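Chain and residue survey
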Amino acid sequence: YKLAELLEQRFETGKMVIDIWKGTDKIVEDLPSERKYTFKSGVNIMFGCNNFCSYCIVPYVRGRERSRAPEDIIREIEELVKNGVVEIMLLGQNVNSYGKNLEHPVTFAQLLQEVEKIEGLERIRFMTSHPKDLSDELIEVMAKSKKICTHLHLPLQSGSTEILKKMNRHYTKEQYLDLVVRIKEKMPNISLIVGFPGETEEDFEETLDVVRKVRYDSVYSFIYSKRTGTPAARMENQVPEDVVKERFARLLDVIHEISTEITDAKEGEIVEAL
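Here we summarise the structure given alongside this text. No experiment lies behind these values; they were computed from the predicted model shown.

Cut-offs used in this document
- Residues numbered from 1 in each chain as written.
- Predicted model: local features only at pLDDT ≥ 70, side-chain atom pairs only at ≥ 80, totals over all residues.
- Heavy atoms only, no water.
- Core = buried A, V, L, I, M, F, W, Y, C linked by side-chain atoms within 4.5 Å.
- Buried < 20%, exposed > 50% of the residue type's maximum accessible area, 1.4 Å probe, protein only.
- Contact = heavy atoms within 4.5 Å.
- Salt bridge = Lys/Arg side-chain N within 4 Å of Asp/Glu carboxyl O.
- Helix = DSSP H or I, 4+ residues; strand = E, 2+ residues; numbered from the N terminus.
- Pairing = 2+ DSSP bridges.
- Axes fitted to C-alpha atoms, helices over the stretch in contact; angles between N-to-C directions.

Take the nonpolar core next. Judged by nonpolar contacts, the single largest core of 62 residues is most densely connected at Ile77, Ile88, Leu90, Phe108 and Phe126. If sequence neighbours within four positions are ignored, Phe108 has contacts with Ile45, Leu90, Val95, Asn96, Tyr98, Phe126 and Leu138.

Shown next, in the form of structure tokens:
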């Protein structure tokens, strides 16, 4: 956030400038930003992550969870709305754990209720949700809301309880499916990992089973890749590349089949677009 100042020092003095920000526990507010769209915008509500999934480097490079104060978030959104924004996407590595580290703790569901009160704001979205932290309170707020889109980004990562344990995800296949039933939501945009170390054919079939049962509208799927410094990168039984690609192709076939059925059923509907 001090980049402009440091550049100016360099230009003025002609000397090397070194500045080390030792603490990653602070949040800098009111930085200028250039928006890509006039009608929608992302708004960070927190930074960092505490989960340490075994394949993920984020907690090591972005530090622990830090939540922005609700009043700062509301103020930023109000300014965006004044400038013509009608849809906002609340962003965080795990939005469901928002507010736990604040001096006066606030739940994510409570923050959503405050955001909904902003006049002129028409649509609210958020990502990413960690299944282990998605509360019944949040489901209730979503169900009653007139502004929160019926769209949920709920990463599965694997349909195998054994692989989920190795991933350090803190939920089972059954708990995920139970959560989906409670949500009663048919428009999640889900992220899946295929090819995690030690994944057997049976583990992969468990993932396909969840995909068929949940029937996702849309899926963001990707092949597992090593991140140096994570526990998963050091695990044995890395899945051969040809096997991973073959499973990935089979997963996409199932996803596309279901997605086509869902979108075909909407043919002829009239919906509102921004």
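Moving on, we get to the pattern of salt bridges. Pairing of side chains with opposite charge becomes possible as their charged atoms draw close. Applying the stated criterion across every chain yields a total of 25 salt bridges. Arg68 is the salt-bridge partner of Glu29, the closest N and O atoms lying 2.6 Å from each other. Placement of the pair is Glu29 in the loop between α1 (3-13) and β1 (40-44) and Arg68 in the loop between β3 (66-67) and α3 (70-82), with a sequence separation of 39 residues. With relative accessibility at 23%, the residue Glu29 sits in the partly exposed group. The partner of Glu140 in a salt bridge is Lys144, and the shortest N-O contact between them spans 3.4 Å.

What the three strands build is an open sheet, ordered β1-β4-β5; its pairing is parallel. Because the sheet does not close on itself, it has two edges, and the strands there are β1 and β5 (123-127). Neighbour-to-neighbour, the strand axes of this sheet turn through a mean angle of 25 degrees, independent of strand direction. Relative to β5, strand β4 (residues 87-91) runs parallel, the two sharing five bridges. Within β5, the position partnered with Leu91 by the bridge is Met127. Packing against the sheet, α3 makes contact with β1 and β4, and its axis sits at approximately 165 degrees to β1.

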